Amino acid sequence: MKRTSSMIRGAVGALGVLLAILLLATVAQAQTYAITGGTIHTLAGRTFVGTVVVRDGRIVEAGPDVQAPAGAEVVDATGKHVYPGMFDAGSEIGLTEVGAVDVTNDSQEQGDFKPHLQTATAIHPATEHIPVARANGITHTMALPQGGIIAGQASLIGLDGWTVEEMDIDPGAAMVINFPSLRARGRGYGGFGGASQRSFADTERRYQEQVASLDEWMEGGRMYAKARAAGEAGPNLEMEAMAKVVDREMPVLLAANGERDIRHAVEWAEKQNIRYVITGGSEAWKIADWLAEHHVQIILGASQTMPAGPDEEYDEAYANAGKLYAAGVKIAFATFNSSDVRTLPYEAAMTVPYGLPREAALEGVMKNAAEMLGLGDRMGTIEPGKIANLIVTDGDPLEIQTQVLDLFILGRQVSTDNKHKALYEKYRARPKEKVIS
Amino acid sequence: MSHRLLMPWITPRGLGRVGWTLVLALLAAPAAAHAQPRPTRPDAPRHFAITGARIVTGAGQVITDVTVFLDNGVITAVGRNVRVPEGAWIVDATGKTVYPGLIDALTDLGHPPARSARPAASPMGPFGPQAQIDPSNYSWGPEDRPGTHSATTAADGIDKADARIGQWRNAGFTTVVSTLDDGLVTGQAAILDLGDYERGRGMVVATPVAMRLKLQDRTYMGYPQSLMGSFAYLKQLYLDAQYYDRAWKAYEADPKGKERPEWDGTLEPIRDQLGSQYPVLFPAADRKEILRAIATAKVMGVKPIVYGAQSAYQAADVLKEAATPVVVSLDWPTPPRNGDPEATPALETLRFWDRAPTTPAELQKAGVVFAFSSGGITSASDILGNARKAVALGLSKDAALQAFTMTPARMMGVSDRLGSVEVGKIANLVVATGDLFDEGTRIETVFVDGDRFDVPEETAATRGPRGQRGAGADSAKAATTPVEMTANTGPYRSDAVTLIRNATVMTASHGDLTNADVLMRNGKIAAVGADLQAPNGAHVVDGTGKYVTPGIIDSHSHIAADAINEGSVNVSSMVTIRDVINPGDPSVYRALAGGVTIANVYHGSANPIGGGNAVLKLRWGSDAFDMLMAGTQEDIKFALGENVKRDRNPDRYPATRMGAQDVIRQAFLQADAYRQVWDAWNAGDHKGVEPRRDLTLEPLADILRGKRWMHVHAYRADEMLQVMRLSEEFNAHVRSFEHGLEGYKIADELAAHGAGVSTFSDWWAYKVEAYDAIPYNAALMEERGVLVSINSDSEEEMRHLNQEAAKAMKWGGMSEDNALNLVTINPAKQLGIDDRTGSLDVGKDADVVVWDGNPLSMFSKPLQTYVDGVLYFDRDLDRERQAALEKEKAALLERYGGQRGDSRAAPDRVAPRAGKEVIR
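Residues numbered from 1 in each chain as written. Chains lettered and ligands numbered in written order. Predicted model: local features only at pLDDT ≥ 70, side-chain atom pairs only at ≥ 80, totals over all residues.

### Here's the deal with the overall build of chain A
Okay, step 1: Check the secondary structure of chain A and you find 12 helices and 16 strands.
Okay, step 2: The buried share among the 437 residues of chain A stands at 54%.
Okay, step 3: Sequence separation of at least 24 residues holds for 67% of the intrachain contacts in chain A that already meet a minimum separation of 6. (Helix = DSSP H or I, 4+ residues; strand = E, 2+ residues; numbered from the N terminus. Buried ≥ 20, exposed ≤ 12 C-beta atoms within 10 Å, placed from the backbone. Contact = placed C-beta atoms within 7 Å.)

In structure tokens:
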């Protein structure tokens, strides 16, 4: 594994090491694969029966008339379908093992402002969740930090590797900011049926304080960048990270769900002139046209979700994606989960009968998030030069009954074996029990 | 505060404010000095003659120019030629109107809430702040008589210094029904006259007149912790009082050789109540709660008076039918201040604001007996003001007066002495400048027990409804009619005959039929096959290109329930979901939109033995009891594993899987003894008194009798095996394991016991006992002969159970037919309703879904859902209804727009994740 140490060695030692981890990774194995005879869904405008050649972690050729190079390991996909691997644009995979057991959870650090923390430093490569997720065609994900306002940096990982270094695509792929919300929290009951509640004024005050803090961190990043350029700033891990955000080097995953919260987040991001993508967006449909005008891109959370309130239409969450698409808002999908990462295609598929075109749903789990995060030149389609994250299926990957037969992650052919399959095979082979009594 | 007029020859007006202050100060002086009290009033005859008045008697008559004579607290004459004795005070009421003294039918006057009694920082319980955890005050079951203050009466300990006494009197109230406010049984209500007496007890007119109940209480920890626990407890309490009466009667008749029954101070007064048949005051706000109150009181063996009841307009028919009287709280809801200006209150909240004041008029129209109470009103002048609002919305003035006078007097059994201006009654009167229910009328003088109180002008009840409380005042005047309501529940169509034509029909019993028809008649499936004839008048649905399946059955749900867990105790089989069904839960409609026609609603998994279940047909818009599928068994939910044994405060047994098994075994042993006692009694062996009914053991005894089944929440294979063996010891039967995520490890044992498994499709790893969960579970168990269903345990997951079933095809290669069975006929079998529903067979209930494609595909959705042949969901008609509802909401928002913002009702959900079974 080659490291291209790009900058600021010494001054920001610890951070430097992390930042340095290969932006253009060279994968250890130099195996060449030729996936032949399948219907190749490139998601780059062409679908054809042909061959994809993978070498050194990259797609080197894809076309109807491409020949398998000599010495390549041939994967016969005749009658099958080849797609880009699915990208869960937000998950906790590798950061949590058993939800109810706190000590297995590493996604949420203390504090409200933790811009320097990277999830790659906590990802457990041997988690059982990864093989389970990729068996359903998920090849890479943004592993998100949780909690607070600036939650930390999401790391982009491929779902295969003996170590996190082998999985790494970009440890500092995006900054996660949970934009402060104006939704009133806290409910209570008074005597005789009355309700005690936090007044809106209190909520508003708290919101303004939080936004002011966030602004201060952004401003801090700007000042730090100037001071550092002038050689007048010492190493500061937090500020180093913020400087990348204000410099538009690092995109921001800006979490907001309520209609007003989304508006506020977008207005704030525009004022701050940052690169950003809204995440969550459960009420985005209410302002779809406004979002389109503002060129807002959204990574949607689980669509299999109840409506936000008692009066909302039953299919509010199912129809959200279709309405946004129709208005011209670019969308992608994420599970924001760990054990459920494998259900990513269904979160997208659920929106199809409720208005999202099938192709758009596919793009939403394969291509769009990569483009939103500035990774479009490296992943998301089957084109030469792209990272070889590919799946071979017997049908539409959004359909439940479709099986993922083969998958390639960072150019390596990866098994679909996992804990679940192993237990299934083990207990399926249990001898017929002589039943007592 | 006004004062009893001691020198009536000096009119208050003549004396002036300064003079009055002086008089009051002088009178108050002796008390302040803590000297032995000396008489403070002359012992002159209390003779008053009110002359020249127009009298609204409250007994149906209005008489003018008459004299009312009050003799030592009693009305002794009403008429034109009344002889007034010498020395009587003459009150010239010419031009005035005299009314009977008003009665506030439910208050805690005389018992002001002790604000310091509750700890400042209290832990949050299900109903809000709870009492500090004090294990010695923890209720471990009904026998601990939690919050049961049945022996206390509001006649005792009256605080004469309660400032409201004078305020209420100035507002025309001579009498209140006073109650204490803490407890599930808060105590005996008393009728108090709001005079000024040397001692508080002088106020008491009658006690006990009612026993007041509440369903939430914060004065204890533990059982009951949930709404369904409260219902179970109240039933047990009254059943216990009945048994108590039997036991003591038998003992006292012949104590020799008998063990003495346990004396119980909480049961004694209830025993008396049951003997003299005075009513309970039962809280209930709306139709759902009113139905519950009536049903519960029936089991308790008492007559209920429903109180609160602001949305009783929804239930006028049932109140009339049950002849249940109502005390309507006049504390009309108003939009909260300080709300979020962008938040939109829920339609239900808006309707409540708009409709509550129409309740009295609706009750009057239906002939329901109702009285008024101040509810939570703190400003006495608002009471009449709010009644005027009801009058503006159609309540007759006479009915309004009745609700303040004769009706409460009758309800409380004191109409022989209160409620009207008639000879012989207590001399409680109001002298007003005009009609009480007209704006601007002033109450000038109030007589209580024949004592005269003049009302200082500045406190007179002349203000409009809720004058200063911000909301409502202006809008109330404008809003004389409520905004028209759109039906948001109920069927879209209910045709006697419906024919779905030319669809792919997946029968769940005899394979798929293409280009086939389904005929539904009178709620049943009348025919399934090709080329069926449409009878005259049949509603015909074109099924071309569509799929038809049986309704989806979710065998494990928690929708439509106002409580889930009674986790305070380890055995809570006395509680049942049936007591807390909430038919208006929007999840019901949303489930219909996902093709679900039946949901089995379970108690949660907080304890080894939970409570009774409710199999609901999702007849959206029905009452709870009509939603309950008739004839279904009330089974008991058990639970094992992590949810049961987790840490609790205070510690609750069990903390291990050993303990969980032990709790069940011990409970079965007790239930077996109970069963024997009752079986003997029912067989005619009537030695001694009829045994006590124990609502905890009754359902467990039924399990041992084979009349109910066990449904056991469990994850791990080992504990499933253990509980099967345990049940076999008692000849009981585990009908299904709920979740059973490790069922695949012991599929053969499950099949041999005959236990079905209702599992999740692919959830795993959210807790340790779910770490070996595999999506192949359903397919593997099915392969080895286990009856398997897929359930949701989640209001979201239940909306796409068809997809969850399809996952068994992907993971384990189940056939399409068998996969569909996982959510149709198989859960029907597990619930014992497969003879009536679950497949498309002639004679079964017409529970049918029309899909726009193969339901085992991700790309299909339900278009129509029928329950009993009635169309409860239709994708197109849904859009129309939604548009109408939005229109209604817009009209309501316009009316309450300036005040909107209800953070209670505002949605506060931020993209919740797929609900994992955790606490449930």
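### Looking at the overall build of chain B
Okay, step 1: Looking only at helices and strands, chain B has 24 helices and 37 strands in total.
Okay, step 2: Here chain B holds 920 residues, and 56% of them are scored as buried.
Okay, step 3: For chain B, contacts bridging at least 24 residues in sequence account for 73% of all contacts bridging at least 6.

### So, the sheet that holds strand 17 (residues 370-373) of chain B
Residues and elements named next belong to chain B.
Okay, step 1: Pairing in this open sheet of 8 strands is mixed, and the strands run 6-10-11-12-14-15-16-17 from one edge to the other. With one partner strand each, in any of the chains shown, strand 6 (102-107) and strand 17 form the two edges of the open sheet. If you compare each strand with its neighbour and ignore which way they point, the axes differ by 30 degrees on average.
Okay, step 2: Across 4 bridges, strand 16 (residues 326-329) lies against strand 17 in parallel orientation. Residue pairing in the sheet places valine 328 in a bridge with phenylalanine 372 of strand 17.
Okay, step 3: Strand contacts of helix 10 (residues 397-404): strand 6 and strand 17, with the helix running at about 70 degrees to strand 17, the strand carrying the most contacts. (Pairing = 2+ DSSP bridges. Axes fitted to C-alpha atoms, helices over the stretch in contact; angles between N-to-C directions.)

### Observations concerning the domain arrangement of chain B
Residue and element names in this part refer to chain B.
Okay, step 1: Looking at the assigned domains, one finds that chain B contains domain 1 (6-43), domain 2 (103-114 + 122-328 + 356-466) and domain 3 (657-827).
Okay, step 2: At the interface, 9 residues of domain 2 touch 5 residues of domain 3.
Okay, step 3: Residues belonging to the side of domain 2 that touches domain 3 are distributed by class as follows: 5 nonpolar, 1 polar and 3 charged. (Domains from an automatic or database assignment. Nonpolar A, V, L, I, M, F, W, Y, C, P; charged D, E, K, R; others polar.)

### Some words on the domain arrangement of chain A
You'll often see interface size given as the accessible area lost when the parts meet.
Residues and elements named next belong to chain A.
Okay, step 1: As far as domains go, chain A holds domain 1 (31-84 + 383-437) and domain 2 (86-379).
Okay, step 2: Placing a centre on the C-alpha atoms of domain 1 and another on those of domain 2 gives a separation of 29 Å.
Okay, step 3: Secondary-structure elements contributing two or more residues to the side of domain 1 that touches domain 2 are strand 5 (81-84), strand 14 (390-393), strand 15 (404-409), strand 16 (412-414) and helix 12 (419-428).
Okay, step 4: Ranked by residues supplied to the side of domain 1 that touches domain 2, first place goes to strand 15 with 3 residues.
Okay, step 5: Among the residues forming the side of domain 1 that touches domain 2, the class breakdown is 13 nonpolar, 5 polar and 5 charged.

### Quick look at the pairing of strand 15 (residues 304-308) of chain B
Residue and element names in this part refer to chain B.
Okay, step 1: Within strand 15, 5 of the 5 residues are buried, leaving the element largely enclosed by the surrounding structure.
Okay, step 2: Alternating positions in strand 15 separate into two faces, Pro304, Val306 and Gly308 on one and Ile305 and Tyr307 on the other, with burial throughout.
Okay, step 3: For strand 14 (residues 280-284) and strand 15, the ladder comprises 5 bridges, and the chain directions are parallel. Pairing of phenylalanine 282 across the sheet is with valine 306, part of strand 15.
Okay, step 4: Considered for its hand, the β-α-β crossover made up of strand 14, helix 5 (residues 287-300) and strand 15 is right-handed.
Okay, step 5: Where the polypeptide runs from strand 15 across helix 6 (residues 316-322) and back to strand 16, its parallel neighbour, the crossover connection is right-handed. (Right-handed = clockwise from strand over helix to strand, strands pointing away.)

### Quick word on the sheet that holds strand 6 (residues 86-91) of chain A
Residues and elements named next belong to chain A.
Okay, step 1: Judged by pairing direction, the sheet is mixed, and its 8 strands sit side by side in the order 6-7-8-9-10-11-12-13 without closing on themselves. The two strands at the open ends of the sheet, each matched to only one other strand, are strand 6 and strand 13 (330-333). On average, each strand axis in the sheet is inclined to that of its neighbour by 30 degrees, with strand direction left out of account.
Okay, step 2: Both strand 12 (residues 297-300) and strand 13 contribute to a ladder of 4 bridges, which runs parallel. The partner of leucine 300 across the bridge, within strand 13, is phenylalanine 333.

### Side note on the pairing of strand 6 of chain B
Residues and elements named next belong to chain B.
Okay, step 1: Counting buried positions over the 6 residues of strand 6 gives 6, a clear majority of the element.
Okay, step 2: Where strand 6 and strand 10 (residues 173-178) come together, 4 bridges link them in parallel fashion. Counterpart to aspartate 104 in the pairing with strand 10 is valine 176.

### Things to note about the confidence of the model for chain A
Residues and elements named next belong to chain A.
Okay, step 1: On average, residues of chain A carry a pLDDT of 90, and 89% of them reach 70 or more.
Okay, step 2: In the predicted structure, residues 1-29 sits below a pLDDT of 50 and forms 45 contacts with residues beyond four places in sequence or in another chain.
Okay, step 3: Below pLDDT 50 for its whole length, residues 186-196 participates in 17 contacts with residues either more than four positions away or in separate chains. (pLDDT = per-residue confidence, 0-100.)

### Description of helix 5 of chain B
Residue and element names in this part refer to chain B.
Okay, step 1: Its 14 residues give helix 5 an end-to-end C-alpha distance of 20 Å, which sits within 8% of 20 Å, the value for a rise of 1.5 Å per residue.
Okay, step 2: In terms of residue burial, helix 5 counts as a mostly covered element, since 11 of its 14 residues are buried.
Okay, step 3: Within helix 5 the residues assigned to the buried category are Arg287, Lys288, Glu289, Ile290, Leu291, Arg292, Ala293, Ile294, Thr296, Ala297 and Met300.
Okay, step 4: Tucked inside the fold, the buried residues of helix 5 contact helix 3 (227-253), strand 14, strand 15, helix 6 and helix 14 (624-627).
Okay, step 5: Backbone geometry just after helix 5 places glycine 301 at a positive phi near 80 degrees. (Expected span 1.5 Å × (residues − 1).)

### Considerations on helix 5 (residues 237-246) of chain A
All names here are of chain A.
Okay, step 1: Of all 10 residues in helix 5, 7 are buried, a share of seventy percent or more.
Okay, step 2: Restricting attention to buried positions, one finds in helix 5 the residues Met239, Glu240, Ala241, Met242, Ala243, Val245 and Val246.
Okay, step 3: At the C-terminal side of helix 5, arginine 248 shows a positive phi close to 65 degrees.

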